[in-house]
There are 2 protein chains.
Amino acid sequence: LWNYTWRTGLGPYGEPLHGSMYRYLWSNGPKECLEFADYSFNEHFGKPISSYPPRPVLFDYIQGRVKKSDVRQHIRFNTAVRWVSYQPETRKFTMILDDLANNRTYAEEFDDLVVASAHFSTPNMPHFKGIENFPGTVMHAHDFRGADQFKGKDVLLIGSSYSAEDIGIQSYKHGARSVTISYRSRPLGMKWPEGMKELPLVTHFRNDVAHFSDGSKERFDAVIMCTGYQHKFPFLPDNLRLKTKNCLYPDGIYKGIVFNELPQLMYLGMQDQYFTFNMFDAQAWFARDVMMGKIELPGKEEREDDIKKWLDLNAACQTHDDEIDFQTNYVKELITLTDYPGFDLDAVAAMFKQWLRDKEEDILTYRDKTYTSVITGTESEKHHTPWIKEMDDSYERYLYHQNKVRA
Amino acid sequence: LWNYTWRTGLGPYGEPLHGSMYRYLWSNGPKECLEFADYSFNEHFGKPISSYPPRPVLFDYIQGRVKKSDVRQHIRFNTAVRWVSYQPETRKFTMILDDLANNRTYAEEFDDLVVASAHFSTPNMPHFKGIENFPGTVMHAHDFRGADQFKGKDVLLIGSSYSAEDIGIQSYKHGARSVTISYRSRPLGMKWPEGMKELPLVTHFRNDVAHFSDGSKERFDAVIMCTGYQHKFPFLPDNLRLKTKNCLYPDGIYKGIVFNELPQLMYLGMQDQYFTFNMFDAQAWFARDVMMGKIELPGKEEREDDIKKWLDLNAACQTHDDEIDFQTNYVKELITLTDYPGFDLDAVAAMFKQWLRDKEEDILTYRDKTYTSVITGTESEKHHTPWIKEMDDSYERYLYHQNKVRA
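The shown structure was predicted, so the numbers you read here are calculated from the model rather than taken from an experiment.

Caption draft 1: Layout of the relation of the copies chain A and chain B. You can overlay chain A on chain B at an RMSD of 0.0 Å; the transform is a turn of 180° with a shift of 0.0 Å along its axis. Accordingly, the operation relating the two chain copies is best matched by a two-fold axis. Identified as the residue of chain A closest to the rotation axis by C-alpha distance is Gly 9 of chain A, at 2.0 Å. A high fraction, 100%, of the interface residues of chain A reappear at the interface in chain B, so the copies pair face to face through one surface.

As structure tokens, then:
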């Protein structure tokens, strides 16, 4: 998470690469919305920073908490899970593990299984007629590693969610000649700067020309598929797999966590997300308490009813604001059920809503806005350079240069 | 094999993509060296064609044989092997299979297991200091899908085997501004055209500048890692995995096929290759006969001695010509042990050696040379257009245009 790698496709041991991070990625939501309730930005940086830090700064923040808790000693790195089976007789999971550095496989038994392998890693890559003859670069957003290679290019992005929005303005910022976003159902509808626009869905390609459903056509140098990701659990038997599309409340998991068919199996972070770090935290706290017996689960039918209740609430959401309220209520409940430090979730919800307005107002300046921490009350700094002019996303420049300005 | 896909990284179901094929790939060895002994080029095309056909034509040839044998009905497509275990008590393999289209997993037992999952699919991607800050395209040869995107670019290829050689001249042919090949131990040593050259190993990158071990440095737009592949069998327990680097005779498999620790497990095509299709055939014939009891395997120690004999012969190889003779003798033996149709292997060995000379003489014209089939005696046609000027690799142009010339 938030760890950038230059690699694409497969990692050093030939395993599918998890990370979808890219150079020049800056937080696309206010950091005040994702602050850990037990480890504030203030505690880590010792001073106010801006509301939209670049990737290396967020990574450093996460690392700080990881170091403080010394959790790495409990993690088996470079170990792939090949297969999981569950034995009803013993009520245990057997995992086949692969020690990649030593090319060694072994089996091990566990009482509980927590799946936290994320769902923005395995690309969903639809086929468009003629794409196989497109002569330029074709990639999924997952493999996008920076906009430099698209300088002076005409870039087509297919999709209309966060990936398209952000890779679009990144490419614009770093000198793409033109950026076109192709949407299936609804345009993002931002006030795009000159050189950026939205068109309806691509119907097909003829060589380097994309044809769109409104009859228009255009030539491109590169196509980036911002077409989302799959929930993919190749290491699980199908009856233990969470089968869902990306949504705010996947069916089949109680409190968004506990696999209803087998409560010893829990999933973390499988929702689509407004809340991130703090929601993952609240989920982890809940899962921990279930495993430690501090939370007693109700029976299967009662859990089923609870899932149904949330699914209905989710289905009733009409607007993004509704969705924010929905997820706010979800996280609120988790926090009341655990000892995760409480914070003013309504204030965070209000920030999310304001963030949406900021983006609508100006997609190129929303990252210059500042917010106030609900954890510490700290007002964020204004970054020394407007985002659109800040071409260097390094930790050093972000923090060092800021010091200079303050001196 | 020889099936091109526009996808890179992961396939439609999120599985690692196997193919390393690219647009404008032409056979890089004479087709007369890889002709199926039981299905000649003549039988398939009904007329002579050139010695170095493009990818779609070779694919069509393979497809022809596949159709003739109607083998596809026996193949379970879109099915990933998740895990294999062997039960000594029952002497059976249990395979966990994943029906990707239906997201369904199931177990099934087998008496024998043949692993033919190839070894030019999982990239070996070493790290070079500073590569993470290289602003342009960075990819492994596995993900190279055509040279068009490198038109007008300065391209660096790291590695000095077939991938570097061929992606290098492809990029040159399709308009790269410059092509530099960086080698670790020995340069390829071809007579490169102007705009192509070889330099020793990259020591590190500073932004878009590569520094080389001879102290020189140069700016590049793109880096393509032609750094080879891993033998990777994630679905096997480590004690059944063939653990080897890419070489002409991997240790531990009798006759290059039978896993010595467990002869019910066989590997096909795990060698580095001069011979390809016909060697794979001979191996498959041998494996089939072992499974059907037509070939009786000697005891483990005798097999061990035989492996040792071949390893020693391999170790004694000094030149590429020696290697060709070594593999010729290996394939010869397999053919004598089975009923695979015999052919003049010494003549094929001579063609391989001539092919090496052709490349040394002129890397840009070797594909214009013609050879004579040892299966049918057919002299190949000269292609209507020299390879360096032939920008269209389509099946239609290759065969249709040829007809026009002949008419």
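Caption draft 2: Layout of the packing of aromatic side chains. Here the structure, examined in full by the defined rule, presents 52 aromatic pairs over all chains. On the basis of an interplanar angle of 75° and a centroid distance of 6.3 Å, the ring pair of Phe 212 of chain A and Phe 220 of chain A is categorised as edge-to-face. For the residue pair Phe 212 of chain A and Phe 220 of chain A, the accessibility class agrees, reading buried in each case. Pairing Tyr 249 of chain B with Trp 310 of chain B gives two aromatic rings, centres 5.7 Å apart and planes at 10°, and the pair type is stacked. With a gap of 61 residues between them, Tyr 249 of chain B in the loop between strand E14 (229-230) and strand E15 (253-254) and Trp 310 of chain B in helix H5 (residues 300-315) connect regions that are remote in the sequence. Residues Tyr 249 of chain B and Trp 310 of chain B agree in their burial class; the two are buried. Through a chain of ring-to-ring contacts, three or more aromatic side chains come together here, namely Phe 36, Tyr 39, Phe 41, Phe 45, Tyr 61 and Phe 277 of chain A. Geometry around Phe 41 of chain B places Lys 31 of chain B over its ring, the cationic atom sitting 5.2 Å from the centre.

Caption draft 3: Local environment of the environment of Met 125 of chain B. Within the element layout of this structure, Met 125 of chain B appears in the loop between strand E5 (122-123) and strand E6 (137-140). Residue Met 125 of chain B is classed as buried on the basis of its relative accessible area of 9%. It is 14 Å that separates the C-alpha atoms of Met 125 of chain B and Ser 182 of chain B, two residues lying 57 residues apart in sequence. Residues in contact with Met 125 of chain B, not counting those within four places in the same chain, are Trp 6 and Arg 7 of chain A together with Val 138, Met 139, His 140, Met 225 and Thr 227 of chain B.

Caption draft 4: Inspection of the sheet that holds strand E8 (residues 178-183) of chain B at higher detail. All names here are of chain B. One open sheet holds the five strands; their spatial order is E6-E13-E7-E8-E9, and the pairing between them is parallel. Both outer strands of the open sheet, E6 and strand E9 (196-200), are each paired with one neighbouring strand and no more. Taking each pair of neighbouring strands and ignoring which way they run, the sheet shows an average axis angle of 20°. Pairing between strand E7 (residues 154-158) and E8: five bridges, direction parallel. Residue pairing for E8: Ile 158 is matched across the bridge by Ser 182. The sheet strands contacting helix H3 (residues 162-173) are E7, E8, E9 and strand E13 (222-225), and the helix crosses E8 at an angle near 170°.

Caption draft 5: Main features of the interface of chain A and chain B. Contact residues are listed per partner, giving 46 residues for chain A and 46 residues for chain B. Between chain A and chain B, a total of about 3600 Å² is buried, with carbon and sulfur atoms accounting for 50% of that surface. On the chain A side of the contact with chain B, Trp 6, Trp 83 and Asn 103 of chain A bury the most area, a combined 18% of that side's loss. For the interface between chain A and chain B, the tally reads four salt bridges. The residue Glu 15 of chain A makes a salt bridge to Lys 232 of chain B at a minimum N-O spacing of 2.4 Å. For the side of chain A that touches chain B, the secondary-structure elements that each account for two or more residues are strand E1 (79-87), strand E2 (92-99), strand E3 (104-110), strand E5 (122-123) and strand E6 (137-140) of chain A. Of the residues contributing to the side of chain A that touches chain B, the split by class is 20 nonpolar, 12 polar and 14 charged.

Caption draft 6: Structural context of the sheet that holds E6 of chain A. Residue and element names in this part refer to chain A. Within the open sheet, the five strands sit side by side as E6-E13-E7-E8-E9. Their pairing is parallel. Only two strands of the sheet have a single partner each, and these edge strands are E6 and strand E9 (196-200). For this sheet, the mean inter-axis angle between neighbouring strands, taken without regard to orientation, is 20°. Contacts between helix H3 (residues 162-173) and the sheet are confined to strand E7 (154-158), strand E8 (178-183), E9 and strand E13 (222-225), with E8 contributing the most and set at about 170° to the helix.

Definitions and cut-offs
- Residues numbered from 1 in each chain as written.
- Chains lettered and ligands numbered in written order.
- Predicted model: local features only at pLDDT ≥ 70, side-chain atom pairs only at ≥ 80, totals over all residues.
- Heavy atoms only, no water.
- Least-squares fit on C-alpha atoms with pLDDT ≥ 70 in both.
- Contact = heavy atoms within 4.5 Å.
- Phe/Tyr/Trp six-rings, centres within 6.5 Å; stacked < 30°, edge-to-face > 60°.
- Buried < 20%, exposed > 50% of the residue type's maximum accessible area, 1.4 Å probe, protein only.
- Helix = DSSP H or I, 4+ residues; strand = E, 2+ residues; numbered from the N terminus.
- Lys NZ or Arg CZ within 6 Å of the ring centre and 35° of its normal.
- Pairing = 2+ DSSP bridges.
- Axes fitted to C-alpha atoms, helices over the stretch in contact; angles between N-to-C directions.
- Buried area = accessible area lost by both parts, 1.4 Å probe.
- Salt bridge = Lys/Arg side-chain N within 4 Å of Asp/Glu carboxyl O.
- Nonpolar A, V, L, I, M, F, W, Y, C, P; charged D, E, K, R; others polar.

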